[in-house]
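Each chain is listed here by its residues.
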Amino acid sequence: MTSPKPSALTVERLVEPLAVWTTRPRFGWLLDGAATERQNAYELEVRDALTAQIIAATGKVDSAQSHSVVLPDVDLSSRTPYTWRVRVWADDGEATEWSQSRFETTLLNNSEWDAARWVEPVQEPVTPEEVLYLGVEPTSLDDVDIESRLHPSPLVRQQFVLDEAPERARLYITAHGVYEVTVNGQQVTDEVLAPGYDEYQERLSYQTYDVTSQLRVGENVLGVRLADGWWAGRISFTGSSINYGDTLGVLWRLEGDRKAIATSDASARSSFGEIRYSDIFIGEKVDARLAVDGWDTVGFDDSEWAEVHVADGGTSTLVPFVGEPVRRIDEIHEPQVFHSPAGELLVDMGQNIAGRVRLTARGAAGTTITLEHTEALDRDGNFQQNVQGRNKDQTDVWVLAGTGQETFEPRFTYHGFRYVRVTGYPGDLHPEDVVGVILSSDVPQTGTFTTSDPRINQLHDNVVWSQRANFFSTPTDCPQRERAGWTGDIQVFARAATNNARVDLFLDRWLANVRAAQSDAGIVPMIVPNTPSFATSFGLLGDTSAGWGDAITIVPLALYERYGDRRVLDENIDAMRRWVDWIRTQAEQGLPEQYQQLESDDPILKRQPLLWNTGFHYGDWLVPSTITDEPMSMMVAATLTGALVASAYYYHSASNLAAAAEVLGDGATAREYRWLAAQIKDAFVAEYFDEDGRLSVHMQGAYVISLAFGLVPEGLRDAAGAHLVELIHQAEDHLDTGFLSVPHLLDVLVSIGERELAYTLLFQDTAPSWLYEVKMGATTIWESWDGIAPDGQPRDFSLNHYAFGAVDDWMYRYIAGITPTAPGYAEIEFRPDLSAPLDAVAASIETPFGRAALEWARTSPAHVEIRLIVPANTRAVLKVSGAEPVTLRPGAHTRTVTHKKEQ
């Protein structure tokens, strides 16, 4: 046997974090990948790195826990470095050597900002624009010059003097808007669009940076660039400006050895530079002739710069940033450069991305180059902007300084695109002159999935790319049109997301924003952060929708299932309960119009208080058969399915709340809401099912949701399943499911004995289907199943929406067969589908305990070889059809099984 040894030590899921945001962090470690024994005890010790004093020592703890370990009796101090170490015991009774790491807490008390004040540089306030109401055409801005309604990006600098160099220097900083910061002319971070997007009215994140090496004895300069970002820029569905404020500001505290060196105050000066405007949707214009050399370095003469305005911004909403920021995570080099049939100079990145272009050029001063971004070309191969809406220009402008070879990359905007139309470029554009810069929240990539079928591989890759593009400070719906945190999109995709990347911190931060956005009554908005202009525009439809607001009960449970940390339930249980209680009120007080004339003793009325069947709901959004060329046809599915889906989600959320309460040991709450769920189910069955198992909403998605949520009585299950199968056959073996039912479709088919039909849908390659998109050259998941018509013409939909990519989770769990059977993969069932219409499959997931992997390949018509990796400190079982289950210890395993290939 090989004993485990702690490695990859983490605090709050991060390796040696600089800015731990809690006084009671979670400690974790992996065990040596070669370990075949389980940990049965650990000892953990934490010291103050400045004093070497032990502040916590657990002694030997008899536990196999190796992640999410919390020291309950210790509250860490603010702005303090720590060291910590851990050792473990295995079955052989011997303790390992200590493994050691370090971390540091950030500024944890808002009172510690003390002398820092919000400073607002000289600037033109952002131009207000009318709120775009749903269904109302906005005033045209086509003839309004962009520069007349946008403003230059401000620069801020502050000089300060150091008598001696500190051993440890930290910069705490945030902004109204987005910022870049330098010390003595050097960037202090590789983050992009800091401080990120939050529910700004309630929460504003600040960052912590190590600037020790950039300071020097004598004069120093701190420099900040600002731009509108999400704070003041045009964002969301409506493309409206000033959602949170019309003035940019910045707040900082620079410390050396825990003493203030410089804080934002009236001593700062401000001016403008080469960025003539920068809007997160419209794009950015840079006139390189106006660059101010050395503005953020010592010796620069700022005597003609303006004074800053010291504002009363307060610090009550400030919170430490949680998780991983947005960064440049990759680059595409030497993309294809060509001319379209119309003679346009185009660049094809070969991949739909969220990001921007880095361009190199030589030309005369004043030469203006324009970069327009789009996701698809028209059927003839010419540039087409397929994303519609106000202020969705996605256009960058670069004016050359004429100084020789110059390089441009916008700082404060990003785009969703594959193609770029370049106009005004001097000379010939070569592939090496263009780089595609890929931006995303820098969450670790943790999953792999490949098969013997390149189409399925491309489908999986498309899911990964859409996740990458839309996990962007907040989980967005698309990176070009709205970039909004639609709650419905992430609730259907959350489990799939956990396979491909470690998203617990990213979604923890988003859930904190959800809780901040939840109303006093318990309402969870349709998008979070809840953009004010969107809330105003969509107010006619209501403040929320079933299947969207229910994200508050679904996402926390998904994270608990995949990461095994109860804290996510503990932090969200109150919000879950307030949401379900709000639904309860709506159900009890609402009565559908068709029932308002019934006599008071009619049995129909007795079940109505248990059904959430009033108000607007998106229902099973974007059911393919309901989408036509008629205006607002996308609302048809909402009308047809809204009431049934809302009542189904009422049951689902009540059940989820009961499950979460049970995990947390709150038996009374668990019993209360389990009882409520049972009553809702009875009412649902009476309202929507007939005696033949037929739903009053006779659509695929309605059956899928009812079966997936357990709303179908056992006696009607076969009949309901038969109705679903009949509808699929009537659609010529195509899916006809929307946003909310697609994630459950294939699981439901397998559960009712229709495994072959599930594969028929997965491998279908005519619209609507996943492989139709692949056949049409998609590199991301589309919003609409026919986002590009068979003749190659793009429709006015986003081509980068991850929601329908939720099928990726089924492929990991069912085709590869890697499924957690205990929270956080503490127990794993390996159950590959060797009868899948494939010859080989390989998948892996980085679980909280390490890498779980399974490969299977057909070595002959009658034999399959299976290779597995079981993470240390877990329990696993291999289940193969026709064979007895095999219990597996941690480590690598190989099995050859007899399994004839299906014809």
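All of the points below concern the structure found in this document. (Residues numbered from 1 in each chain as written. Predicted model: local features only at pLDDT ≥ 70, side-chain atom pairs only at ≥ 80, totals over all residues. Heavy atoms only, no water.)

1. Points about the sheet that holds strand β40 (residues 863-870)
Under the convention used in this document: Two strands form a pair only when DSSP identifies at least two bridges running between them. What counts as a helix is a DSSP run of H or I of at least four residues, what counts as a strand is a run of E of at least two, and both are numbered from the N terminus. Angles run from 0 to 180 degrees between N-to-C directions of axes, and those axes are lines fitted to C-alpha atoms, restricted for helices to the stretch in contact.
Ordered in space as β33-β38-β39-β40-β43, the five strands form an open sheet in which the pairing is antiparallel. If you trace the sheet from one side to the other, it starts and ends with β33 (447-451) and β43 (891-898), each paired once. Strand-to-strand twist across the sheet, computed as the mean angle between neighbouring axes with direction ignored, equals 10°. Where β33 meets strand β38 (residues 840-847), five bridges bridge the pair, whose relative direction is antiparallel. In the strand pairing of β38, Gly-447 is matched with Ile-845.

2. With respect to the pairing of strand β24 (residues 336-339)
In this sheet, strand β25 (residues 345-361) lies alongside β24 in antiparallel orientation, the contact comprising four bridges. Its bridge partner lying in β25, Phe-338 is registered against Leu-346. Taken together, β24 and the strand that follows it, β25, pair antiparallel across an intervening segment of five residues, in which Gly-343 is found at a positive phi of about 90°.

3. Details of the packing of aromatic side chains
Operational definition: Stacked, tilted and edge-to-face pairs are distinguished by plane angle, under 30 degrees for stacked and over 60 for edge-to-face with tilted covering the rest, among Phe, Tyr and Trp rings (Trp via its six-membered ring) whose centres lie within 6.5 Å. Each residue gets one of three labels from its accessible area relative to the maximum for its type: buried under 20%, exposed over 50%, partly exposed in between, using a 1.4 Å probe on protein chains only.
Counting across every chain of the model gives 38 aromatic pairs. Between the aromatic rings of Trp-579 and Trp-612, the centroid separation amounts to 5.9 Å while the plane-to-plane angle is 75°, which identifies the pairing as edge-to-face. Taken together, the residues Trp-579 in helix α8 (residues 567-589) and Trp-612 in the loop between α9 (603-607) and α10 (636-663) connect sequence positions 33 residues apart. The exposure class of Trp-579 is buried, given its relative accessible area of 0%.

4. With respect to the packing of helix α12 (residues 700-708) against helix α13 (residues 714-730)
Stated precisely, the cut-off is as follows: By definition, any crossing whose near helix is turned counterclockwise from its far helix by less than a right angle is left-handed, and any crossing with a clockwise turn is right-handed. Throughout, a residue-residue contact means that at least one pair of heavy atoms, one from each residue, lies within 4.5 Å. Residues are sorted three ways: Asp, Glu, Lys and Arg are charged, Ala, Val, Leu, Ile, Met, Phe, Trp, Tyr, Cys and Pro are nonpolar, and all the rest, Gly among them, are polar.
Packing of α12 against α13 leaves a shortest axis separation of 9 Å and a crossing angle of 145°. Judged by the sense of rotation from one axis to the other, the crossing of α12 with α13 is left-handed. Two secondary-structure elements touch here, α12 through Gln-700, Tyr-703, Val-704 and Leu-707 and α13 through Arg-717, Ala-720, Gly-721, His-723, Leu-724, Leu-727 and Ile-728. Among the residues forming the contact of α12 with α13, the class breakdown is seven nonpolar, three polar and one charged.

5. Focus: helix α15 (residues 755-763)
The buried fraction of α15 is high, at seven of nine residues. When we look at burial in α15, the residues that qualify are Arg-755, Leu-757, Ala-758, Tyr-759, Leu-761, Leu-762 and Phe-763. Residues of α15 that are buried make contact with α3 (454-470), α13, α14 (742-751), α16 (770-775) and α17 (807-816).

6. Topic: the sheet that holds strand β4 (residues 54-57)
Spatially, four strands are ordered β4-β3-β6-β7 in an open sheet, and the strand pairing comes out antiparallel. The open sheet is flanked by β4 and β7 (99-104), the only strands paired with a single partner. Neighbour-to-neighbour, the strand axes of this sheet turn through a mean angle of 20°, independent of strand direction. The pairing of strand β6 (residues 81-90) with β7 spans six bridges and is classified as antiparallel. Paired with Thr-83 across the strands is Arg-102, a residue of β7.

7. Considerations on the side chain of Lys-285
Our working rule: Residues adjacent in sequence count toward polar contacts only when both atoms are side-chain atoms; beyond that, a polar contact is any pair of N or O atoms within 3.5 Å, and within protein one must be able to donate a hydrogen and the other to accept it.
With respect to the helices, strands and loops of the structure, Lys-285 is situated in strand β19 (residues 283-287). Residue class for Lys-285 comes out buried when judged on its relative accessible area of 16%. A polar atom in the side chain of Lys-285 sits 2.4 Å from the side chain of Glu-147. Look past the residues within four positions of Lys-285 in its chain and what remains in contact with it is Glu-147, Glu-274, Ile-275, Arg-276, Tyr-277, Val-397 and Val-399.

8. Considerations on the nonpolar core
Put simply, the test is: Working definition of a nonpolar core: buried Ala, Val, Leu, Ile, Met, Phe, Trp, Tyr and Cys residues. They are joined through side-chain atoms within 4.5 Å.
Core analysis: the biggest nonpolar cluster contains 146 residues, and Leu-746, Leu-762, Trp-770 and Phe-830 have the highest contact counts within it. By residue number, the principal contributor to this core is α10, which donates 12 residues. Listed in part, the 83 residues of the second largest apolar core include Leu-107, Tyr-200, Ile-235 and Leu-248.

9. A word on the pattern of salt bridges
Applicable threshold: Counted as salt bridges are all cases of a side-chain nitrogen of Lys or Arg within 4 Å of a carboxyl oxygen of Asp or Glu.
Here the structure, examined in full by the defined rule, presents 61 salt bridges. Between Arg-327 and Asp-190 there is a salt bridge whose closest N-O contact spans 2.8 Å. Here Arg-327, found in strand β23 (residues 326-333), pairs with Asp-190, found in the loop between β12 (186-187) and β13 (204-210); they are 137 residues apart in sequence, far enough to count as distant. Exposure remark for Arg-327: the relative accessible area of 21% places this residue in the partly exposed category. The partner of Glu-783 in a salt bridge is Arg-481, with the nearest N and O atoms 2.9 Å apart. Taken together, the positions of Glu-783 in the loop between α16 and α17 and Arg-481 in the loop between β35 (474-475) and α4 (487-500) put the pair 302 residues apart, joining distant regions of the chain. Take Glu-783: its relative accessible area is 8%, and that puts it in the buried class. Under the relative-accessibility criterion, Arg-481 is labelled buried at 13%. Taken together, the shared-partner salt bridges connect Glu-12, Arg-13, Arg-26, Glu-324, Arg-502, Asp-504, Asp-508, Asp-565 and Arg-567 into one network.

10. Section: the side chain of Glu-482
With respect to the element layout, Glu-482 can be found in the loop between β35 and α4. Overall, the relative accessible area of 5% leaves Glu-482 in the buried class. For Glu-482, the side chain forms a polar contact with the side chain of Arg-481, separated by 2.8 Å. Setting aside its immediate chain neighbours within four residues, Glu-482 contacts Ser-236, Phe-237, Phe-281 and Asp-477.

11. Some remarks on the packing of α4 against α17
Any two packed helices are characterised by how steeply their axes cross, that is the angle between the axes, and by the distance between the axes. Condition: Working definition: roughly parallel below 35 degrees, roughly antiparallel above 145 degrees, roughly perpendicular at 65 to 115 degrees, and oblique for all remaining angles.
Taken N-terminus to C-terminus, the directions of α4 and α17 make an angle of 55°; their axes are 7 Å apart at the nearest point. Classed by the angle they form, the pair α4 and α17 counts as oblique. Here α4 and α17 pass one another in a crossing that is left-handed. Side by side, α4 and α17 meet where Arg-495, Ala-496, Asn-499 and Asn-500 of the first sit next to Asp-808, Asp-809 and Tyr-812 of the second. A class-by-class count of the residues in the contact of α4 with α17 yields two nonpolar, two polar and three charged.

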